[in-house]
Each structure stands twice: as structure tokens, then as C-alpha cells.
Amino acid sequence: MAVNKEAFIESITEGYTFKGDSIVLGGSMLGDDVLTAKVKVPLKTFNRHGLISGATGTGKTKSLQILAEHLSDKGVPVLLMDMKGDLSGLAQPGEEKDFITKRHALIDIKYEAKPSPVELLTLSEQKGVKLRATVTEFGPVLFSKILGLNETQSSIISIVFKYCDDNKLPLIDLLDIKKTLQFAIGDGKEAFTAEYGSVSSTSVNTILRKILELDQQGASNFFGEPSFEVDDLVRTKDGKGIVSVLRLTDIQDRPKLFSTFMLSLLAEIYNTFPEQGDSDKPELVIFIDEAHLIFDNASDALMDQLEAIIKLIRSKGVGIFFCTQLPSDVPEEILSQLGLKVQHALRAFTAKDRKSIKLAAENFPITEFYDTDEVLTKMGIGEALVTVLNEKGIPTPLVRTYLRAPMSRMDILTEKEISTLIKDSDLITKYNVDIDRESAAEILGKKIEEAQKEDNQEELKKEQAKAEKAVKKRAKESSFASDLTKNTMVRQIGRTVFREVTRGILGALGIKSSSRRRKKSWF
């Protein structure tokens, strides 16, 4: 494709010149040549969300690292979802090697090695600040969507939440919600039915199985106290935004837990953060690596909730960037909300791959300078097709970009470095404590125990009353018999009856009574 070089430079320079502050991603490329026109992203538009995609090994994570550290440098706090464990290196300065020096010479940018202030977070037992939330904070609607419940089952969850609110039963962890559900169809069935209507045992058992499935993915580590306050994600240190790295290397095979956390986090941020208005820089930028883990197992209700939050959360000054292999990994409804696109190389090994490449090319603005389909398969490591939204919200020209190198370490931290980082954390003492206050499970347990004691007492009273009645009856019968023996007529009748019975018996045996013998002797 014959292209006018001067026209290209003019187009890129004009398209990527902004009035406000910006971050330089790298130098523009035409063919295999790196040119003087710089590719930038305006700081103001980072709340318009974005996508970083490309085949394995093409440099997606490094692009994510570049954006995160430069945002931090501009005073913007960042939250990173570290699925592969290779983003903790942001806490240490990079090392200028020959290939980095040459790369930056081509881009015409001086390389500077420096770290970012980093806070390590965790959802599991890994080292870091523990992130937790209570069941109550989720609310019945969100909790039902996490479990993928139908309308009937969701209504039961709403009843359970209402019952707990009315009776001051804190729903802290999964044990609390399970205990309350069991109470609703067991010892508390009458109370539930009288106040809220009958609850189906079949539906409750289905909900319990779904909670068990969530629990088996490690959700018991997430639900609890103390709850993480999202305001701690927007801290700064010495004028730099703190980069919070959420360590998720052991969560990849537990997508339900990851989706649960992400949805609760976004919902909490949306409900907590104030409206930002037209700000010069974002309040917080979130990068979600291996984003397909959120979408692959998400229910329709969960997807609707995510889509709604992503549409609305930018008004709070929050930007969300998804990092994945293919743009098609992200649902179209969400993909259409993403303003910044950094597309690394794709590989065409199969017919399906070629279709994916063609589809990916259609997501970019039409350009006269590139055959997008072809460029997508020919880019090298550390190169990407880039388009952003300018300060007026208009897409910039598509440009092949020779990306700068990260300022921080392009490798993981050692165990010793991780321990030192955690030791210096301001949040460890706040969140890495176990709080086990009395909640629904304990309160209901006591209530059931007291009810059982009352039942036992009632049963004991009944037995005592029964025994007393029997004693009185025997006493009455004994008194009646005694009275009979004292009566002269009764005694006489008794003797006569006894005598006649005895005679009958003796006659049957052929024995004559003595009186009859005496009568014979008188003649």
C-alpha cells in the first residue's frame, strides 16, 4: 500500500496533540519505520474505559504495566488484577539494558527507571492485605445474581434479608445465610410463614446447593469482616497514586469467586464514590487481566449488572480496562463502551483465527494508511495498533505504535521483597485481623437452643402432671376400697358371695360341705 509519509506524520501529530496532560505510549510506525510523531493518551479520557488485547507473548502485560505506572506518576491511583503474578515488579525500578536503550532512542524518549508505590492485596491465603465483604453489603439482588437464582429463589433471598433486618440478625458470612435459610424451613418455619408467607423447602435446598458451590471456590475467605473500604484504593503517596496489585494467581480456576469479587467491588465503588463531573484526570483506573474469566461463566443477570455498572461508573471518574487475548472475549454491549484500544498482534493458525482477525479489524476506525488485517498478523513484540478518544470524545486515527519500555521491573518480586513490602503496608494492621462477632448463625443457634429448652421444660411439666394424676387416681381407688371394707352390709355381702363361690367350687370337685354332712347325722 503506497502511503504519503508526510501526510501520515501530519495526521498522527494532529490527531494525538491534546490541550491537557497526557501519557506517551510510544512512537508511531509506518511500515517497519519508527517515526517522530508520538502516540499519546489524554489523561482526561481514562474514565472512558479501554481494551488491551493480543496473542500470548505479544506484550499485553507490558502495555498494562506502562499505563499503570505512568498513571501513578501523574497522581492517579490504580487497581491491577494480577492473574499471572508478573505485575508485582511495579514496586521496583527497571534496569536499562541495551535493547531498552535502543528502543527509546528510536522513539526519541529518554528512559528513566523508577518504581511505583505498590500495595499488595489478596482474596485468598496469599501474602497481602485481605479483601473481604459481608453478605449484608451485597444485598439480596446482587447476592441472588451472583448465585444465578431464578425469580422464586431470589424472592426467598429477599425474604431472608428482610427477616434478618427486622430481627437485627447480621449476615456476615456464608454460614449466616445458610443457617438462616435452614431456620426458615425448620425451627423458624411458623414465624416465617406467619410474617412473610410460606417458604418452599425445595427452593431453599436449591439455594443452599448454589451457596455450597460458591463456598467450594473459596468464597468463605472473601465473606467476612472487617470489610474492605474502597476509599483505600484511592490513596496517594508523595504525590503518586498508589498501585494496588490484587494477587490472583490461585484464583484462575475459581471464576465464580473472581466474578463475585469484581461485581461487588464495582457496585461498592459506584455506590460510594461521588459524582466526578468533567475532571482533568480520573479518580481511579482499574485493569482486569485475563478478563474472559469474568465473562465466561457469568449468568445473563450478572452480565446485565456488569454492563449497567460499566456504563454508569465513568461518571464517578473511574476507568475500567480489560486485558484479554481477543476483543471477542468481551461481550459486544461492553466492548462498545471502551474508548481506548491497544491491539497487539494476533496469530492466524486456523480458519477460526482468520475470522477472529477479520472481526478484530472491524473494531477499529477505517484508515488509509494501513491494511489493518495484514498489520494485525505482522506486528512484533512490543508493537500495537492504537486508537484513543480525544478530549472531545472523538476517536483518534488508528496508528501502529512502537511502545516504550516500562520504567519498573519487568519481572516479579522475590519473597523477601514481598515480605518487606507487606511489612511497610499501612493497611495490614487494619484488615488482616479476624473479627468474629455474634451474627445470624450464632443468634439463631441460641434461639433454637432456647426453644428446645422450652420444649423440654414443657414436656417435663406434662410428664409431671401425668404422674401426679396417676398418683391421685391410685389414692382415690385405695380410699374407695378402704371405705367399702368399713361398711357392715358390704362386708356381709362379701362374705356371702365368698361362701357361695367356695361352695360352687367344692361342689364341682365332688366334695360335700360339712353342713350337709351334719344334717344327715340328725336323722
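Predicted, not measured: the structure shown is a model, and the values here were computed from it.

Definitions and cut-offs
Residues numbered from 1 in each chain as written. Predicted model: local features only at pLDDT ≥ 70, side-chain atom pairs only at ≥ 80, totals over all residues. Heavy atoms only, no water. Helix = DSSP H or I, 4+ residues; strand = E, 2+ residues; numbered from the N terminus. Buried < 20%, exposed > 50% of the residue type's maximum accessible area, 1.4 Å probe, protein only. Contact = heavy atoms within 4.5 Å. Areas by Shrake-Rupley, 256 points an atom, 1.4 Å probe, with all protein chains shown as cover. Pairing = 2+ DSSP bridges. Axes fitted to C-alpha atoms, helices over the stretch in contact; angles between N-to-C directions. Parallel < 35°, antiparallel > 145°, perpendicular 65-115°, else oblique. Left-handed = near helix turned anticlockwise from the far one by under 90°. Nonpolar A, V, L, I, M, F, W, Y, C, P; charged D, E, K, R; others polar. Lys, Arg positive; Asp, Glu negative; His and termini not counted. Salt bridge = Lys/Arg side-chain N within 4 Å of Asp/Glu carboxyl O. Polar contact = N/O pair within 3.5 Å; in protein donor to acceptor, adjacent residues only side chain to side chain. 1 Å grid on protein atoms, 1.4 Å probe; cavity = no way out; pocket = protein on both sides within 12 Å on 5 of 7 lines; lining within 4 Å. Points joined across faces, edges and corners; volume = space filled by probe spheres on them. Patch = residues over 30% accessible without salt bridge, like charges linked within 9 Å, V, L, I, M, F, W, Y side chains within 5 Å. Charge placed at Lys NZ, Arg CZ, Asp CG, Glu CD. Core = buried A, V, L, I, M, F, W, Y, C linked by side-chain atoms within 4.5 Å.

Q: Even after reading the chapter, I still don't get the overall build of the protein, so can you show me in this structure?
A: Looking only at helices and strands, one finds 19 helices and 14 strands in the protein. Residues classed as buried in the protein amount to 48% of the 523 residues present. Taking the intrachain contacts of the protein between residues at least 6 apart in sequence as the baseline, contacts between residues at least 24 apart amount to 77%. Summed over all atoms, the accessible surface of the protein reaches about 26800 Å², with 51% contributed by carbon and sulfur.

Q: What is the right way to look at the pairing of strand 2 (residues 33-42) in this model?
A: Regular strands place side chains that alternate from one sheet face to the opposite one. Note: strand 1 (residues 22-30) against strand 2, 7 bridges, orientation antiparallel. Across the sheet, I23 pairs through a bridge with V41, a residue of strand 2.

Q: Looking at this model, I keep getting lost on the packing of helix 4 (residues 135-147) against helix 9 (residues 255-272). Mind explaining?
A: Working note: a packed helix pair is described by the angle between its axes plus the distance between those axes. In the contact formed by helix 4 and helix 9, the axes pass within 10 Å of each other and the chain directions differ by 150°. Judged by the angle between their axes, helix 4 and helix 9 are roughly antiparallel. Considering the relative orientation of helix 4 and helix 9, their crossing is right-handed. Between helix 4 and helix 9, the residues in contact are F138, L142, I146 and L147 and K256, S259, T260, L263, S264 and A267, respectively. By residue class, the composition of the contact of helix 4 with helix 9 is 6 nonpolar, 3 polar and 1 charged.

Q: Explain the side chain of E69 to me, please; I cannot follow it from the model alone.
A: For E69, the location among the structural elements is in helix 2 (residues 60-73). Buried E69, no salt bridge; nearest opposite-charge side chain is R404, N-O distance 6.3 Å. One polar contact links E69 to S408, side chain to side chain, over a distance of 2.7 Å. Each residue touching E69, except ones within four places of it in the same chain, is listed here: L90, S116, A405, P406, M407 and S408.

Q: Sorry if this is basic, but what is going on with unusual backbone geometry here?
A: In terms of backbone geometry, most residues other than glycine have negative phi values and most peptide bonds are trans. Cis geometry is adopted by the peptide bond preceding P226, which originates at E225 and carries an omega value of 0°. Mapped onto the elements, P226 comes out in the loop between helix 8 (201-222) and strand 7 (236-237). Notably, D108 is not glycine yet its phi reads approximately 70°, a positive angle. Looking at the secondary structure, you find D108 in the loop between helix 3 (98-107) and strand 5 (118-122). Take D108: its relative accessible area is 59%, and that puts it in the exposed class.

Q: Help me understand the layout of surface pockets in this model?
A: Empty space left among the atoms is revealed by rolling a probe the size of a water molecule over them. Each pocket or cavity is described by its volume, and for the largest pocket that value is around 410 Å³. In this structure, the largest pocket is lined by 25 residues; those nearest its centre are T58, G59, K60, K62 and I381. Mapped onto the lining of the largest pocket, the elements with two or more residues apiece are helix 2, helix 3 and strand 11 (318-324). Examining the composition of the lining of the largest pocket, we find that 5 residues originate from one element, helix 2, more than from any other. Of the residues belonging to the lining of the largest pocket, the class tally is 9 nonpolar, 9 polar and 7 charged.

Q: Sorry if this is basic, but what is going on with the environment of E333 here?
A: Here E333 is to be found in helix 12 (residues 332-335). C-alpha separation for the pair E333 and K311, spaced 22 residues apart in sequence, amounts to 9.7 Å.

Q: I'm lost on empty space enclosed by the protein in this one. Help?
A: Counting across every chain of the model gives 2 cavities of 30 Å³ or more. Of the voids in this model, the second largest cavity is the one considered here, and its volume is about 30 Å³. Around the second largest cavity, the lining residues are E69, S72, D73, K114, P115, S116, P117, K240 and M407. A per-element tally of the lining of the second largest cavity places helix 2 first, with 3 residues. Broken down by class, the residue content of the lining of the second largest cavity amounts to 3 nonpolar, 2 polar and 4 charged.

Q: Would you mind going over a negative patch on the surface with me for this structure?
A: A surface patch of like charges, here negative, comprises D300, D304, E332 and E333. Put simply, the parts of the chain that give the negative patch at least two residues each are helix 11 (300-313) and helix 12. Within the secondary structure, D304 sits in helix 11.

Q: In this structure, what is going on with the nonpolar core? I would like to understand it.
A: Inside soluble globular proteins, nonpolar side chains tend to come together where they are buried. With 136 residues, the main nonpolar core has M81, F143, F287 and F322 as its most contacted residues. Residue contributions to this core peak at 9 residues, all from helix 9. Those residues in contact with M81, other than ones at most four positions away along the chain, are L87, L246, L248, F258, F261, M262, L265, I286, F287, I288 and D289.

Q: How do you make sense of the sheet that holds strand 4 (residues 78-82) when you look at a structure like this?
A: Two orientations exist for strands paired in a sheet by backbone hydrogen bonds: parallel and antiparallel. One open sheet holds the 12 strands; their spatial order is 2-1-14-13-12-3-11-10-4-9-5-6, and the pairing between them is mixed. Both edges of this open sheet fall to strand 2 and strand 6 (129-130), since each of them pairs with a single strand only. The sheet contact formed by strand 5 and strand 6 spans 2 bridges and is parallel. Looking at strand 6, one finds that L121 is bridged to V129.

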